[in-house]
Amino acid sequence: MAQLTDDCFAFGTKPMRIEEAVALIAERFPVVAGTETVPLGLADGRIAAEDVFAGHDLPPFANAAVDGYAVRFADLNPESESVLPVGGRLPAGAAAGAIPAGTAIRIFTGAPMPPGADTVFMQEDVRREGDRVVLPTGLKPGANARPAGEDLEKGSLAIPAGQRLRPQDLALAAATGHARIAVRRRLRVALFSTGDELTEPGAALRPGAIHDSNRVLLATLLTRLGVTVDDLGILRDDPATLPAHLAEAARDHDLILTSGGVSTGEEDHVKAAVEALGALMLWRLAIKPGRPVAAGLVAGTPFVGLPGNPVAVYVTLLFVVRPLLARLGGARHEPPLAWPVRAGFGYRKKAGRREFVRVSLVRGEDGTVEAQKFPRDGAGVLTSLSESDGLVELPDDAIAIAPGDTLAYYPHSLLW
């Protein structure tokens, strides 16, 4: 795994805005994922390592867009119906010979246009009379004919490097002559939870203990983001052993991700362990939920320590870890797309920090859709994620939200 230098990392005491954190990530962290070439069928969800160019025109030849009759537009009578003999039949996949002047060719969708033909009449719009066809007036030159290169010309960019490959991208690669594609190696992420209070899911709860939900949340969301997750379990609040566990994870992973233990309490030891092994580049974001976020290097390997509360984990994974994964993995970072939605609630907040409120969409009294706030605010309330439709973003400088205000809405269903 790539080992990064840490001599340039430092952080201040002022909480950092999200945009500043993302810009710092882009500046300080290089791409670490190598490349490999795989068949198109194995490339879904991978990151294109190189630009992919069209190997030929798409379509590679002029062809008919409909079933009908191919003609030379110059042979048509501009004032009345044209009657032309049918000089042949041309299905898709057949080679096309030149069309004689004054002749129509029966043609089918996808068949190559005969040399000289430039227009196709739909079969529904004509009358066939024996070996002749009657063609109406009013059709424009070039109608229903697709020129070579209409979609892409040979040598043009089909897929940019850094694109997360989707089925439609792979179809485009196939259509332009490619059977394999260069992609980035999948990132390998070491995942820990921290805290003496945590117990594995399904185990009996001792007094004062809770089941660990953060690793389940993080592992499943990270998998959706296309990385390989190594679940390394729970780290106890032991300052003597934490550095060794982190150093071990740093040896064969591209990123170490923890939750809990990065605040300023007496039992929050992760931050100190990171500083003992490397350095921090940021600590504390101007965000709610999710203020305590630590990011930096552990023995040359990128590290992010997320808060302990699950809603804060969800928010900071989306807005901090996701752009970091894109950077390390050679992907173009695309911030999540937000939709404007009308607030159906009032809310007061502190200026100077971004807040994300869990909401559900309902129809207001006038029939329009509005966002209703989940009734409980706590960052530890997991039902606020499972029973809501998404998040709304409250701007840094805002101090009050009134019913009817327009807010940026991020639906859970489209974030991952």
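All figures in this text were calculated on a predicted structure; none of them were measured in a lab. (Residues numbered from 1 in each chain as written. Predicted model: local features only at pLDDT ≥ 70, side-chain atom pairs only at ≥ 80, totals over all residues. Heavy atoms only, no water.)

**Here we look at the overall build of the protein**
- Scanning the protein from terminus to terminus reveals 8 helices and 28 strands.
- For the protein, whose C-alpha radius of gyration is 30 Å, the value lies well above the compact-globule estimate of 22 Å for 416 residues.
- The principal-axis extents of the C-alpha atoms in the protein amount to approximately 95 × 55 × 40 Å.
- Counting the 416 residues in the protein, one finds 48% classified as buried.
- Contacts in the protein between residues at least 24 apart in sequence constitute 72% of all its contacts with a sequence separation of at least 6.
- Accessible surface computed for the protein: about 19,100 Å², of which carbon and sulfur atoms make up 53%.
- Counting 42 positive and 50 negative side-chain charges, the protein places the averaged centre of each group 1 Å from the other. (Helix = DSSP H or I, 4+ residues; strand = E, 2+ residues; numbered from the N terminus. Rg over C-alpha atoms; globule rule 2.2 N^0.38 Å. Buried < 20%, exposed > 50% of the residue type's maximum accessible area, 1.4 Å probe, protein only. Contact = heavy atoms within 4.5 Å. Areas by Shrake-Rupley, 256 points an atom, 1.4 Å probe, with all protein chains shown as cover. Lys, Arg positive; Asp, Glu negative; His and termini not counted. Charge placed at Lys NZ, Arg CZ, Asp CG, Glu CD.)

**Section: the sheet that holds strand β5 (residues 82-90)**
- Read from one edge to the other, the open sheet built from 6 strands follows the order β7-β4-β6-β5-β9-β8, with strand pairing classed as mixed. Edge strands, defined here as strands with exactly one partner in the open sheet, are β7 (119-122) and β8 (127-129). Across the sheet, the mean angle separating the axes of adjacent strands is 40° when strand polarity is ignored.
- Across 3 bridges, the pairing between β5 and strand β6 (residues 104-107) is parallel. Counted as the bridge partner of Leu-90 is Ile-107 from β6. (Pairing = 2+ DSSP bridges. Axes fitted to C-alpha atoms, helices over the stretch in contact; angles between N-to-C directions.)

**With respect to the nonpolar core**
- Counting residues in each nonpolar core, the largest one holds 48 residues, and the members touching the most others are Leu-257, Val-304 and Leu-325.
- Of all the secondary structure elements, the ones that give two or more residues to this core are α1 (18-28), β13 (188-194), α3 (214-224), β17 (255-259), β18 (278-283), β20 (294-298), β21 (301-306) and α6 (310-328).
- Per element, the largest residue contribution to this core is 12 residues, and it comes from α6. (Core = buried A, V, L, I, M, F, W, Y, C linked by side-chain atoms within 4.5 Å.)

**Notes on helix α4 (residues 242-250)**
- Every buried residue of α4 is accounted for by Leu-242, Leu-246, Ala-247, Ala-249 and Ala-250. Buried residues of α4, viewed axially, fall in a sector of 160°; they line one side.
- Considering only its buried residues, α4 is in contact with β13, β16 (228-235), β17, α5 (270-277), β20 and β21. (Arc of directions from axis to C-beta.)

**Quick notes on the packing of aromatic side chains**
- The final tally for this structure, using the stated rule, is 4 aromatic pairs.
- Measuring from ring centre to ring centre gives 5.6 Å for Tyr-314 and Trp-416, while their planes differ by 70°; the resulting arrangement is edge-to-face. One end of the pair, Tyr-314, is in helix α6; the other, Trp-416, is in the segment after α8 (412-415), with 102 residues separating them in the sequence. Of the two residues examined, Tyr-314 and Trp-416, each falls in the buried class.
- Relative to Phe-356, the ring of Phe-319 has its centre 4.5 Å away and its plane inclined at 25°; by these criteria the two rings are stacked. Taken as a pair, Phe-319 in helix α6 and Phe-356 in strand β24 (residues 354-363) lie far apart in primary sequence, 37 residues in all. (Phe/Tyr/Trp six-rings, centres within 6.5 Å; stacked < 30°, edge-to-face > 60°.)

**What about α1?**
- By the burial criterion, the buried members of α1 are Ile-18, Ala-21, Leu-24 and Ile-25. Seen from one end, α1 has its buried residues packed into an arc of 125°, which puts them on one side.

**A short note on the sheet that holds β20**
- Reading across the sheet, the 6 strands line up as β16-β13-β17-β21-β20-β18 and stay open at both edges, with mixed pairing between neighbours. Edge strands, defined here as strands with exactly one partner in the open sheet, are β16 and β18. Between one strand and the next, the sheet's axes are offset by a mean angle of 20°, whatever the strand orientation.
- Pairing of β13 with β17 involves 5 bridges; the strand directions are parallel. Residue pairing in the sheet places Leu-191 in a bridge with Leu-257 of β17.

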